[in-house]
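An overview of the molecular structure
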Amino acid sequence: MDDVFRVEDLRFTYKKNGVEAVRGITFSIRKGEIFGLLGPSGAGKSTTQKILTRLLKNYTGTIEYLGKDLKSYDNTFYEKVGVGFELPVHFSKLTGMENMLFFQKLYKKNADVEALLKRVGLYEDKDRKVGEYSKGMKMRLNFVRALLNDPQFLFLDEVTNGLDPKNALIVKDMIREFKEEGGTVLLSTHLMNDVEELCDRIAFISGGEIREISTPRDLKIKYGRRELAVEYYENSATKLETFDLDELGENDKFLDIVQNRTIETMHSGETSLDDIFIKVTGEKVHE
Amino acid sequence: MNNFMVLLKGEFQRLIKYNIVQVGFGVSVLWVLVLFLIGRDQAADFVPLFIFMDAALMTILLIGAGLFYERQENTLKSLMITPSKMGHIIASKLVSAVYIALQSALFIGLLAYFFFDATVNFAYLLPFTLLIALSHAIIGYTIAVLVEDFPTLLATLMLYMIVFAFPSIFYALDLFGGLWEIVLVVSPTHASFLLIDFAFGHDVSTTLIVVSALYLLLLAFLLARYVVFPKYIEKAVRE
Ligand SMILES: Nc1ncnc2c1ncn2[C@@H]1O[C@H](COP(=O)(O)OP(=O)(O)OP(=O)(O)O)[C@@H](O)[C@H]1O
Ligand SMILES: [Mg+2]
């Protein structure tokens, strides 16, 4: 059995407001995979991560980590686990470097902080107070924070949130490398893009329930809009026409455009979270 | 370095970076200025009161506000996912709060001794200040983990002072009325006040001192064991 996490009928209710954020979810995360929790805002992704990282305790159902009940572990559990939070988690009056060194010393195994900071482009700013960092810088520091102890399992909650495309790319590359070196990842996100580029398997979650566990490819085929949007030039104007992907080769209008017009762009329908959400639940995402 | 030492070092680093040591020292200086204004004749009478306010009330405020501030910065969550033990995390914060109180007590005590002819027994003052700061730090935590938000924390602290601290202050200033007698029996602040008074050579019976010290110790233990420990994680994690 190669499951790192085995979660069965997990339920959690926030006592404060009585919100049942997780409603009986079952899934497992295999060793060496990047497992995505994909779902709209308020779906219960962060709550699930907080339960698996043992920050929320009063859950029902069973969670096994490496074959043993999660509750049977003491705090040495965290030696091999890295946690990336969805919000900045730093001392604002300490510098980036001071923050990292403080947290790092609490672990037995240490990654190379300077190398990590260089990689995510924070090295130049390492001696500035975190309070002066931009949102994207704080999120990159969060990511470095998660890797401080050279973990084997990585929890990442909205890891690309607030990052520009260049930095998002760097972070995604690092996640892929982490996996190649044998690491396992739980990635929570509402971005279809992240899931497609990174995840081996995904659970689509909404309203605290898992609606579907699948691969990004299957999810896309099942829920994607099977259509092609073509922009072409005609009578000195750009026109847009959308075609069904099925039996495209027999579509006269399409063939006419391809053969006789100047085509400007051609896009197959991109699956968006909205598409999946609408098809699974019959509602629109309120984000 | 073991985790407790790392945590403790971190706490002290932050006491300085967040200007808490500096502010604490500033408050002590303020007290001393007030003592000068009061004048040599009566200043010695006020010294125990000021040390008591620093060790008891400032500590509650420091710990209570500190918890909310850290919760806001989400740093407690980040600490909770390290291999550190809960007990070590809380203990490191208690030690740093106690340190601030000791620093003030020593500063005010020394000045009182040299400039205001106060009778100070440092062999009592320092351990008693430690005990007072420790128990009040735990009281501060107790309040902080039981209330929902910062305004409620402040309101509760005010209430705490009205119920427990003011009677002791009135008592110290000889404004004591019989009405408060009942409250004084169970008031941790009053127990603290007796200890400080004793360290300044005032006439307090040995039995009362022993009872006060044991009472503070027991209270600190019970609150830590049954309120602060079980509630701390829950409080630290919530957004
Ligand atoms: N600390 C909290 N106290 C009370 N209720 C909460 C708390 N955190 C989340 N909730 C509620 O639990 C539900 C799930 O929230 P959660 O944060 O897990 O969603 P999410 O999928 O991570 O959303 P997002 O994409 O916006 O981060 C929501 O209804 C939310 O209002
Ligand atoms: Mg979330």
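Going by the structure above, here's the rest.
Note that the structure is predicted; figures quoted are calculated from it, not measured.

Moving on: the overall build of chain A. Across its full length, chain A carries 9 helices and 13 strands. Here chain A holds 287 residues, and the buried ones make up 49% of them. Sequence-distant contacts, at least 24 apart, represent 66% of the contacts inside chain A between residues at least 6 apart. By element, 46% of the accessible surface of chain A is carried by carbon and sulfur atoms, the whole surface being about 13,600 Å².

Okay, helix α6 (residues 122-146) of chain B next. With 25 residues, α6 of chain B should reach 36 Å at 1.5 Å per residue; the first-to-last C-alpha distance of 35 Å fits that figure. Structurally, the start of α6 of chain B carries an N-cap: the backbone nitrogen of A123 of chain B is 3.1 Å from a side-chain oxygen of N121 of chain B.

Below, the discussion takes up the coordination of the magnesium ion (ligand 2). Within the first shell, the magnesium ion (ligand 2) binds the protein through S46 of chain A (OG) and E86 of chain A (OE), at distances of 1.9 to 2.5 Å. With S46 of chain A in helix α1 (residues 45-52) and E86 of chain A in the loop between β6 (81-84) and α2 (96-104), this residue pair connects regions lying 40 residues apart in the sequence.

With that settled, consider the packing of aromatic side chains. Applying the stated criterion across every chain yields a total of 30 aromatic pairs over all chains. Taking 6.5 Å as the distance between ring centres and 50 degrees as the angle between the ring planes, the aromatic pair formed by F128 of chain B and F198 of chain B counts as tilted. Placement of F128 of chain B in helix α6 and of F198 of chain B in helix α9 (residues 188-199) is noted, with a sequence separation of 70 residues between them. Judged by its relative accessible area of 12%, F128 of chain B falls in the buried class. One aromatic cluster in this structure is built from F5, Y65, Y73, F77, Y78, F153 and F155 of chain A. Above the ring of F103 of chain A, the side-chain terminus of R145 of chain A is found at 4.7 Å from the ring centroid.

The pairing of strand β1 (residues 3-13) of chain A with strand β2 (residues 20-30) of chain A spans 8 bridges and is antiparallel. The residue bridging L10 of chain A from the neighbouring strand is I25 of chain A, located in β2 of chain A.

With that out of the way, let us pick up the interface of chain B and chain A. Chain B puts 31 residues into the contact, and the matching count from chain A is 27 residues. For the pair chain B and chain A, the two sides together bury roughly 2,700 Å², of which 62% comes from carbon and sulfur. When the buried surface of chain B facing chain A is broken down by residue, K17, I81 and P83 of chain B rank first, second and third, together holding 23% of it. Inspection of the chain B/chain A interface yields 1 salt bridge.

It is worth spelling out a nonpolar patch on the surface at this point. Taken together, the side chains of F36, L106, L110, Y113, F114 and F115 of chain B make up a nonpolar region of the molecular surface, amounting to roughly 600 Å² of accessible area. You can see L106 of chain B is positioned in helix α5 (residues 86-115).

Residue and element names in this part refer to chain A. With respect to topology, 6 strands assemble into an open sheet ordered β6-β7-β8-β3-β9-β10, the strand pairing being mixed. The outermost strands of the open sheet, each flanked by one partner alone, are β6 and β10 (209-214). With strand direction ignored, the average angle separating the axes of adjacent strands in the sheet is 15 degrees. Bridge analysis of strand β3 (residues 34-38) against strand β9 (residues 201-206) gives 4 bridges, and the strand direction is parallel. Within β9, the position partnered with L37 by the bridge is A203. Across the sheet, α1 is in contact with β3, β6, β7 (153-157), β8 (184-189) and β9; its angle to β7 comes to roughly 150 degrees.

Right, let's talk about the site of ligand 1 for a bit. Residue and element names in this part refer to chain A. Around ligand 1 sit 15 residues, and of these S41, G42, K45, S46 and T47 come closest. For ligand 1, an oxygen atom lies 2.8 Å from a polar atom in the side chain of K45. One of the side-chain N or O atoms of E158 is found 3.4 Å from an oxygen atom in ligand 1. The element best represented in the shell around ligand 1 is α1, accounting for 3 residues.

Moving on to the nonpolar core. Looking at soluble globular proteins, one finds that nonpolar side chains tend to be buried together. Counting residues in each nonpolar core, the largest one holds 114 residues, and the members touching the most others are F5 and I175 of chain A together with Y232 of chain B. Ranked by the residues each element gives to this core, the list is headed by helix α10 (residues 206-237) of chain B, at 8 residues. Excluding residues that lie within four positions of it along the chain, Y232 of chain B makes contacts with L67, L76, M80, M86, I89, I90, K93, Y141 and V145 of chain B. Counting residues in each nonpolar core, the second largest holds 41 residues, with F52, L57, L195 and L216 of chain B among its members.

Attention shifts here to α2 of chain A. Taken across its 9 residues, α2 of chain A has 8 buried, putting it largely inside the fold. Lining the buried residues of α2 of chain A we find α3 (113-119) and α4 (135-147) of chain A together with α1 (3-17) and α4 (75-80) of chain B.

Our focus in this paragraph is the pattern of salt bridges. All names here are of chain A. Within this structure, the stated rule accounts for 24 salt bridges over all chains. In this structure, E8 and R6 form a salt bridge, with 3.4 Å as the shortest nitrogen-oxygen distance. Accessibility expressed as a relative area gives 38% for E8, which makes it partly exposed. You can call R6 partly exposed: its relative accessible area is 26%. A salt bridge links R11 to D9, with the shortest nitrogen-to-oxygen separation between them at 3.6 Å. Linked through salt bridges whose partners overlap, the residues forming this network are E234, K239, D256 and R261.

Tallying each qualifying case throughout the model produces 2 cavities of 30 Å³ or more. Quantified by volume, the largest cavity comes out at close to 60 Å³. Lining the largest cavity are 10 residues, with K50, F85, E86 and D157 of chain A together with K77 of chain B positioned closest to its centre. No other element matches the 3 residues that α1 of chain A contributes to the lining of the largest cavity. Residue composition of the lining of the largest cavity, grouped by class: 2 nonpolar, 3 polar and 5 charged. Surrounding the second largest cavity, G84, F85, M139, N142, F143, L156, D157 and V159 of chain A form its lining. Secondary-structure elements contributing two or more residues to the lining of the second largest cavity are α4 and β7 of chain A. In terms of residues, the lining of the second largest cavity owes the most to one element, α4 of chain A, which gives 3 residues. Among the residues forming the lining of the second largest cavity, the class breakdown is 5 nonpolar, 2 polar and 1 charged.

What counts, and at which threshold
- Residues numbered from 1 in each chain as written.
- Chains lettered and ligands numbered in written order.
- Predicted model: local features only at pLDDT ≥ 70, side-chain atom pairs only at ≥ 80, totals over all residues.
- Heavy atoms only, no water.
- Helix = DSSP H or I, 4+ residues; strand = E, 2+ residues; numbered from the N terminus.
- Buried < 20%, exposed > 50% of the residue type's maximum accessible area, 1.4 Å probe, protein only.
- Contact = heavy atoms within 4.5 Å.
- Areas by Shrake-Rupley, 256 points an atom, 1.4 Å probe, with all protein chains shown as cover.
- Expected span 1.5 Å × (residues − 1).
- Polar contact = N/O pair within 3.5 Å; in protein donor to acceptor, adjacent residues only side chain to side chain.
- Donors = N, O, S within 2.8 Å, 3.2 Å for Na, K, Ca; no water.
- Phe/Tyr/Trp six-rings, centres within 6.5 Å; stacked < 30°, edge-to-face > 60°.
- Lys NZ or Arg CZ within 6 Å of the ring centre and 35° of its normal.
- Pairing = 2+ DSSP bridges.
- Buried area = accessible area lost by both parts, 1.4 Å probe.
- Salt bridge = Lys/Arg side-chain N within 4 Å of Asp/Glu carboxyl O.
- Patch = residues over 30% accessible without salt bridge, like charges linked within 9 Å, V, L, I, M, F, W, Y side chains within 5 Å.
- Axes fitted to C-alpha atoms, helices over the stretch in contact; angles between N-to-C directions.
- Near = heavy atom within 4 Å.
- Core = buried A, V, L, I, M, F, W, Y, C linked by side-chain atoms within 4.5 Å.
- 1 Å grid on protein atoms, 1.4 Å probe; cavity = no way out; pocket = protein on both sides within 12 Å on 5 of 7 lines; lining within 4 Å.
- Points joined across faces, edges and corners; volume = space filled by probe spheres on them.
- Nonpolar A, V, L, I, M, F, W, Y, C, P; charged D, E, K, R; others polar.

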